[in-house]
Amino acid sequence: MILRLLPFISIFIVTACSWLPTGKGKGDHARYFNTQVKPVLQQHCLQCHNGSLPPPALNLATKATAFTRNASGREYILPRAPSRSLLITAVQRGGTHAKMMSRTELSLTDDQIGMLREWIEDGAYWPEGHRGYLQPQASAENP
Ligand code: HEC
């Protein structure tokens, strides 16, 4: 008897699980930005994309300057659409782009690109205020 009910029981469990809230809360988004996104951008992109290049060049120092468009009107970061975000498409081949080829030690790994894709897919949370202010940062891999 119980065996015959098993398919129904498992369907019930699967359905019940899909009702559980699984989305990230604001605290998770803030943590993801601070611990994953911010350090990678600071170590790999900020030495150039810090506002020293004349606009409309990409400036990743703040949310306001990062969420803009390039000279041909394409978005640098389009929340929920990583494949249409230049931040991803510019570096997805080999983790680098032509303008930074001379600095190959700054190239992103596949994991880091995947992390940035996931962040944009999740809405690209970027805090206002000092937490959302990015500065060039040296590291062991980028002395
Ligand atoms: C060694 C300097 C340097 C580094 C490091 C660097 N870039 Fe760039 N990048 C440039 C220059 C110069 C340009 C051309 C000006 C512009 O469009 O911002 C550029 C352009 C871009 C563009 C615009 C592409 C377009 O088609 O308009 C994106 C997006 C970009 N970079 C992303 C990144 C990301 C993400 C990182 C970090 C992983 C990064 N860059 C690291 C120098 C650099």
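Please read all numbers here as calculations on a predicted model, not as lab measurements. (Residues numbered from 1 in each chain as written. Predicted model: local features only at pLDDT ≥ 70, side-chain atom pairs only at ≥ 80, totals over all residues.)

### A word on the overall build of the chain
- Scanning the chain from terminus to terminus reveals 5 helices and 0 strands.
- Listing every helix and strand of the chain by position from the N terminus yields α-α-α-α-α.
- Within the span of the chain, comprising 143 residues, buried residues form 17% of the whole.
- Here the contacts in the chain between residues at least 6 apart in sequence split such that 54% fall between residues at least 24 apart. (Helix = DSSP H or I, 4+ residues; strand = E, 2+ residues; numbered from the N terminus. Buried ≥ 20, exposed ≤ 12 C-beta atoms within 10 Å, placed from the backbone. Contact = placed C-beta atoms within 7 Å.)

### Here we look at the environment of Asp 110
- Its location among the elements puts Asp 110 in helix α5 (residues 110-121).
- Take Asp 110: there are 10 C-beta atoms within 10 Å of it, and that puts it in the exposed class.
- Each C-alpha atom of the pair Asp 110 and Arg 93 lies 9.4 Å from the other, and the pair is 17 residues apart in sequence.

### What to know about the nonpolar core
- The biggest cluster of nonpolar side chains holds 19 residues, and the ones touching the most others in it are Ile 88, Leu 116 and Ile 120.
- For this core, the secondary structure elements donating two or more residues are α2 (26-44), α4 (86-89) and α5.
- Here this core takes 4 residues from α5, the largest share from any one element.
- Sequence-distant contacts of Ile 120, that is, excluding residues within four places in its chain, are made with Ile 77, Pro 79, Pro 82, Ser 85 and Ile 88. (Core = buried A, V, L, I, M, F, W, Y, C linked by C-beta atoms within 7 Å.)

### Concerning α2
- Under the 1.5 Å per step criterion, the end-to-end length of α2 is 26 Å for 19 residues, consistent within 8% with the ideal 27 Å.
- Approximately 40° is the largest bend angle found in α2, and it occurs at Phe 33.
- Lining the buried residues of α2 we find α5. (Expected span 1.5 Å × (residues − 1). Bend = angle between axes of the 7 residues up to and from the residue.)

### Some details on the environment of Ala 138
- Structurally, Ala 138 can be placed in the segment after α5.
- Measuring from C-alpha to C-alpha, the distance between Ala 138 and Gln 42 comes to 8.2 Å, with 96 residues separating the pair along the chain.

### Here's the deal with the environment of Tyr 32
- Position of Tyr 32 relative to the elements: it lies in helix α2.
- The exposure class of Tyr 32 is partly exposed, given the 17 C-beta atoms found within 10 Å.
- Note: C-alpha distance between Tyr 32 and Ala 124 (92 residues apart in sequence) is 9.9 Å.
- Look past the residues within four positions of Tyr 32 in its chain and what remains in contact with it is Val 37 and Trp 119.

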